[in-house]
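Fold and contact review
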Amino acid sequence: MRTSFFRLRYHLGWKNALRVMWKAERDQFTTLKIDQYKHPIHFRSYKDDYDGFDFILVAQDYKFRLPHQPLTILDAGGNIGLAAVYFANRYPQAEIVSIEPSDYNYPYLQKNTQAYPQITALKGGLWGYPAHLQLVDKGRGHTSFEVAEVPAATPGAMKAYSIPEIMALKNWATIDLLKLDIEGSEKHVIENNPEEWLPRTKFIAVELHDRRIRDTSKAFFKVMSQYNFSMEPLRECLLFYNEDLVHMFDPYHTA
């Protein structure tokens, strides 16, 4: 397990750090209860799950500096639900949709979010328009599936949702926080019909995957430049904020 005891102690405190290390050393890192989160968190014996735990729940790399508490959150690339769990604990008033296409990940997304009534776990992919997709496994592990558009009758095809479709499903007028970590599909999402949802989105936290899909960053910045967004680089992602919908940051305020 990559996470060191000193790192755990710094972020979680002595008691929780000892609890995590005890389970990890005995290969019992499958169900974990730590004080910072209301309900137990469930893992598989995959390194990617350990890394996600370290990135999202320990280091809290989604601890964005926002000027207000978000009330609507779309978590695209839900994986096993760690980001959704983090958001539900940090922003308890928020309504959250976490969408995940993989049959390997989705059961654990359900398992980790079922105790949180404000989280809707959605099986499917995020795309630029309603369609059907098929997973493409290029051998990068359970966090790195890509998708390809296919006819609806294709064996194994899954539903792909557009952002406006999800907003309509939840009756959201705006998205307060959109997290995009979808292994290159963000290029298709941003290039197709962004005018339907981008002006109504306050914050976007995106990890761009040029290593998966060529020219993803070029496409993303080209579209974003057409709207009144500013950008702040973070450790693993970029945070865009819509200056037509939110005030400039107060550096002394953290939501």
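Residues numbered from 1 in each chain as written. Predicted model: local features only at pLDDT ≥ 70, side-chain atom pairs only at ≥ 80, totals over all residues. Heavy atoms only, no water.

With that settled, the discussion passes to empty space enclosed by the protein. Taken as a whole and assessed by the stated rule, the structure comprises 1 cavity of 30 Å³ or more. The volume enclosed by the largest cavity comes to roughly 50 Å³. Surrounding the largest cavity, F55, Y62, K179, L180, D181, A205, V206, E207, E236 and C237 form its lining. If you list the elements that add at least two residues to the lining of the largest cavity, you get β10 (175–180) and β11 (201–206). Within the lining of the largest cavity, the residues separate by chemical class into 6 nonpolar, no polar and 4 charged. (1 Å grid on protein atoms, 1.4 Å probe; cavity = no way out; pocket = protein on both sides within 12 Å on 5 of 7 lines; lining within 4 Å. Points joined across faces, edges and corners; volume = space filled by probe spheres on them. Helix = DSSP H or I, 4+ residues; strand = E, 2+ residues; numbered from the N terminus. Nonpolar A, V, L, I, M, F, W, Y, C, P; charged D, E, K, R; others polar.)

This part is about the pairing of strand β12 (residues 229–233). Sheet topology places β12 next to strand β13 (residues 238–242); 5 bridges connect them, and they run antiparallel. Looking across to β13, one finds that E232 is bridged to L239. Between the antiparallel neighbours β12 and β13 lie 4 residues. (Pairing = 2+ DSSP bridges.)

Moving on: the sheet that holds strand β9 (residues 158–161). A sheet is described by the order of its strands in space; here 4 strands give the open sequence β6-β9-β7-β8, paired in mixed fashion. The open sheet terminates on both sides in strands that have one partner only, identified here as β6 (125–126) and β8 (146–149). Relative to β9, β6 runs parallel, the two being bridged by 2 bridges. Looking at β9, one finds that L126 is bridged to Y161. Across the sheet, helix α6 (residues 163–170) lies against β6 and β9, angled at about 85° from β9, the strand it touches most. (Contact = heavy atoms within 4.5 Å. Axes fitted to C-alpha atoms, helices over the stretch in contact; angles between N-to-C directions.)

Let us look at the packing of aromatic side chains. Across all of its chains, the model carries 9 aromatic pairs by this definition. Plain terms: the ring middles of F203 and Y241 are 6.4 Å apart, the flat faces sit at 35° to each other, and that makes the pair tilted. Of the two residues, F203 is situated in strand β11 and Y241 in strand β13; the sequence distance between them amounts to 38 residues. One aromatic cluster is present, built from ring pairs that chain together F55, Y62, F64, Y86, F87 and Y91. When the ring centre of Y108 is taken as reference, the NZ or CZ atom of R44 above it lies at 5.7 Å. Positioned over the ring face of Y161 is K159, at 4.8 Å from the centre of the ring. (Phe/Tyr/Trp six-rings, centres within 6.5 Å; stacked < 30°, edge-to-face > 60°. Lys NZ or Arg CZ within 6 Å of the ring centre and 35° of its normal.)

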